Amino acid sequence: MVTRRRLLGAGIATAATGLTGVSLIPVFTAKDAKRAGGASTQNTPPPIVPFQTPMPLIPVAQPVSTVGGVDRYESNVISATKQILPGLSTQLLTYDGRFPGATIKARENRPVVIVQRNGLNVPVARHLHGASVAPESDGGPMDTIAPNAERVYTYPNRQPHASLWYHDHAHHLESENVYRGLQGSYLISDSIEDALPLPKGPYDVVIHLRDARFDAAGQLVYAMGDRTRNTLLTNGVPYPYFEVAARKYRFRLANSSNMRFFTLRLSGGANMIQIGSDGGLLPAPHTTQSLFITSGERADIVIDFSSYPIGAQVFLESVASNGSVEQVMRFDVTRSAPDPSSIPSVLRALPPLPTATAHRTIVMRMDEDGRPSPQAYMDDKVYDHQRVDAHVLFGASEIWTVTNANTRAPHNFHMHLVQFRVIERNGAAPGPAELGLKDTVAVMPGETVKLQATFDTYAGEFVYHCHMLDHSAMGMMATMKIT
Ligand code: C2O
Ligand code: CU
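Residues numbered from 1 in each chain as written. Chains lettered and ligands numbered in written order. Predicted model: local features only at pLDDT ≥ 70, side-chain atom pairs only at ≥ 80, totals over all residues. Heavy atoms only, no water.

Draft legend 1. Local environment of the pairing of strand E7 (residues 162–168). Of all 7 residues that make up E7, 7 are buried, and the element is covered over most of its length. As judged from the 4 bridges shared by strand E5 (residues 126–129) and E7, these two strands associate in the antiparallel manner. Following the sheet pairing, His-129 is matched in E7 by Trp-165. Bridge count for E7 against strand E8 (residues 183–189) is 6 bridges, and the pairing is antiparallel. Its bridge partner lying in E8, Ser-163 is registered against Leu-187. (Buried < 20%, exposed > 50% of the residue type's maximum accessible area, 1.4 Å probe, protein only. Helix = DSSP H or I, 4+ residues; strand = E, 2+ residues; numbered from the N terminus. Pairing = 2+ DSSP bridges.)

Written out as C-alpha cells, the structure is:
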C-alpha cells in the first residue's frame, strides 16, 4: 500500500534530483511514511511535487468609498473554483472569489464598514477575530446572514495596531465554512507601529498557513475532527516557494487551520525574531529557533536573509509532535537589496495591568474516549446560545484561570471582544512570546493558563471558545454577558 505521505516524499526526492549542486531538502523518514499510514489511502489526489508554484501575495482589499473618514467595503460570500492541486479544480467558499480572502488594511480610530452579502445557500456570519466591536457587528455564531441577504458590519478600530483576521462563525457551520475558505487577514496600523524601522512595504508579507485534505478529484474533504488533513497550504497553495532578497522581511503568520497546531522552524536551525503576536507587537523582540502557533493565533516574525548567499534555499519546516519534519514552503534568496530596516530592542510599552476586580475559573474538556460523536464542553456544558455562562460587569478587569482537563486533547482559548494578557502558565511566568496582547492562547492537556481581560469597551453578549473550530462546533463554546 502506498501512503499519501510516501507519494509526497517521492515527489520531493524527484524535485531534489532536479536541482543542481544544492541538496538542502531532507528526505522523509520511513517513520513519517508509517505515521501517515493511519490516514485513509483511498481516494487521494496524485502526489504533489513541492516548490513548483510561487507563493501568492494576498491582495489588499480596495474600499468602494472613503468619504467622511470611513472606509467602506462591499463583499460577497460566493462559491468559487480554483486550481490548488495541479490539473484539478477545487470548489471553495470564498469572500469575493479569493482564497484566502483579501487583506483589509485599517487604521486605528478610522472606522471600516463592510456591507457583507451572502451569496451561498447556507447562513454565514462574518467575525473579526481579535477586534473590539459592538455585539451587533461581532458576527457571532447566532447572528447570521441568511442566504441572499446582506448586512452591515461596523468596525470602529478603536484599538492599537494588530494583525487580526476575519472568518466565518455561523454556528455549527463555522468549522466547515472556514475550512472551505471563508477566512482572510485584517491589519490595523497605528502611529506606534509606523514609527518603528521594521521591514515595510514589499518586505512586510502576510502568510496564512493551514492544512487541508483533498480527494482524488481535488475537492476538499471535510470531516469533523479529521486528523488526516495532511496537505499544508501557504496562502492557499501547497508547498510554494517565495523569492526573497538577502535582507530582513517581516512575515505576518496566521494559523488559519481548523485544528492544527504548528511548531515551525527554519532549516538549519536559523533564527527567527518574533516581534508580534495576536494583538500587535510584543514589548520586546524575541529571538527563537522554534515558533509554536495554534489554530487562530497570529505571530509576526522577522527573518533576516542577509546572512545567506544569493542562491540559497531556506525551508520553513513544520515539526510534528512525534518529531517528524515536513517542509511547508521554501524561501529562495535570489537577489540583494538595500535594507534600511532594523528591529529596536523595545517595540512598545504595554500599560500596567489594572488591579483585578473578579476571578473566574474555566474548564475545557472534551470526550476523548473514542466514542462515535464526541462532544466538547466549557465547564461541563455544551454551548447553548440561550444560556449566559459568565456575567461580567462593564469596566471589570477579570482574571480567568483556564484549565484543559483532557489528558490527550489539546485546546486553545479564545475570547471575543478583548485582547487579554497572559499572566501565568502552569504557575510560572509566561514565556517571551506570550508577553504581548493575546486573543487566543494554547492550553495543552493538563495545563492551566491565567489571563487577565478588561471589559471596558462594549456591553452585550459575546462568546468565548476553543479555536480548534471542530471543538467549538462540538460544543466547546460559551457566552459572556457584559452589563
Ligand atoms: Cu476566530 Cu469566535 O473566533
Ligand atoms: Cu479544543
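Structure's up, so let's keep going.
Draft legend 2. Representation of the packing of aromatic side chains in the model. In the structure shown here, the tally under the stated rule is 19 aromatic pairs. On the numbers, 6.3 Å between centres and 80° between planes, the contact of Phe-242 with Tyr-249 is edge-to-face. Comparing Phe-242 with Tyr-249 shows no difference in burial state: the two are buried. Judged by centre distance (5.9 Å) and plane angle (75°), the rings of Phe-261 and Phe-292 are edge-to-face. Here Phe-261 is found in the loop between strand E13 (248–255) and strand E14 (262–266), whereas its partner Phe-292 is found in strand E17 (residues 291–293), with 31 residues between them in sequence. Here Phe-292 falls in the partly exposed class, since its relative accessible area comes to 38%. If you follow Arg-126 out to its NZ or CZ, it ends over the ring of Tyr-95, 4.8 Å from the centre. (Phe/Tyr/Trp six-rings, centres within 6.5 Å; stacked < 30°, edge-to-face > 60°. Lys NZ or Arg CZ within 6 Å of the ring centre and 35° of its normal.)

Draft legend 3. Examining the side chain of Asp-215 more closely. With respect to the element layout, Asp-215 can be found in the loop between strand E9 (204–212) and strand E10 (231–234). Arg-180 is the oppositely charged side chain nearest to the buried, salt-bridge-free Asp-215, at an N-O distance of 8.2 Å. One polar contact links the side chain of Asp-215 to the main-chain amide nitrogen of Ala-217, over a distance of 2.9 Å. (Lys, Arg positive; Asp, Glu negative; His and termini not counted. Salt bridge = Lys/Arg side-chain N within 4 Å of Asp/Glu carboxyl O. Polar contact = N/O pair within 3.5 Å; in protein donor to acceptor, adjacent residues only side chain to side chain.)

Draft legend 4. Representation of the environment of Lys-82. Among the secondary structure elements, Lys-82 is positioned in strand E1 (residues 71–82). Between the C-alpha atom of Lys-82 and that of Ser-191, which follows or precedes it by 109 residues, the distance is 38 Å. Excluding its chain neighbours within four sequence positions, the residues that come into contact with Lys-82 are Leu-88, Ser-89, Thr-90, Leu-92, Phe-99 and Gly-236. (Contact = heavy atoms within 4.5 Å.)

Draft legend 5. View of the domain arrangement of the protein chain. Looking at the protein chain, the domain boundaries give domain 1 (4–194), domain 2 (201–335) and domain 3 (358–482). In this complex, domain 1 contributes 22 residues to the contact, which on the side of domain 3 involves 22 residues. Regarding the contact of domain 1 and domain 3, the summed buried area is about 1700 Å², with carbon and sulfur atoms giving 60% of it. Sorting the residues of domain 1 by area buried against domain 3 places His-129, Pro-135 and Ser-175 first, and these three jointly supply 23% of that buried surface. (Domains from an automatic or database assignment. Buried area = accessible area lost by both parts, 1.4 Å probe.)

Draft legend 6. Broad picture of the sheet that holds E13. Across the sheet, 7 strands lie side by side as E11-E10-E9-E13-E18-E15-E16; this open sheet has mixed pairing. Looking along the sheet, the strands with just one partner apiece sit at the ends: strand E11 (237–238) and strand E16 (280–288). In this structure, E13 lies alongside strand E18 (residues 298–304), joined through 7 bridges in antiparallel fashion. Each residue of the ladder has a partner; that of Ala-254, found in E18, is Arg-298.

Draft legend 7. Seen up close, the nonpolar core. Core analysis: the biggest nonpolar cluster contains 48 residues, and Phe-242, Tyr-249, Phe-251, Leu-264, Phe-305 and Phe-331 have the highest contact counts within it. Here this core spans two domains, and each of domain 1 (4–194) and domain 2 (201–335) adds at least three residues to it. Apart from residues lying up to four places away in sequence, Leu-264 is in contact with Leu-209, Leu-253, Met-272, Gln-289, Ser-290, Leu-291, Ile-293, Leu-316, Glu-317, Ser-318 and Val-328. Ranked by size, the runner-up nonpolar core spans 36 residues in total, among them Ala-134, Phe-420, Val-422 and Met-468. (Core = buried A, V, L, I, M, F, W, Y, C linked by side-chain atoms within 4.5 Å.)

Draft legend 8. Geometry of the sheet that holds strand E20 (residues 325–335). Strand order in this open sheet of 5 strands is E12-E20-E19-E14-E17, and the pairing throughout is mixed. Either end of the sheet is taken by a strand with one partner, and the two such strands are strand E12 (241–245) and E17. Strand-to-strand, the axes of this sheet are offset by a mean angle of 25°, without reference to chain direction. In terms of strand pairing, E14 meets E17 through 3 bridges, oriented antiparallel. Among the inter-strand pairings, Leu-264 is bridged to a residue of E17, identified as Leu-291. (Axes fitted to C-alpha atoms, helices over the stretch in contact; angles between N-to-C directions.)

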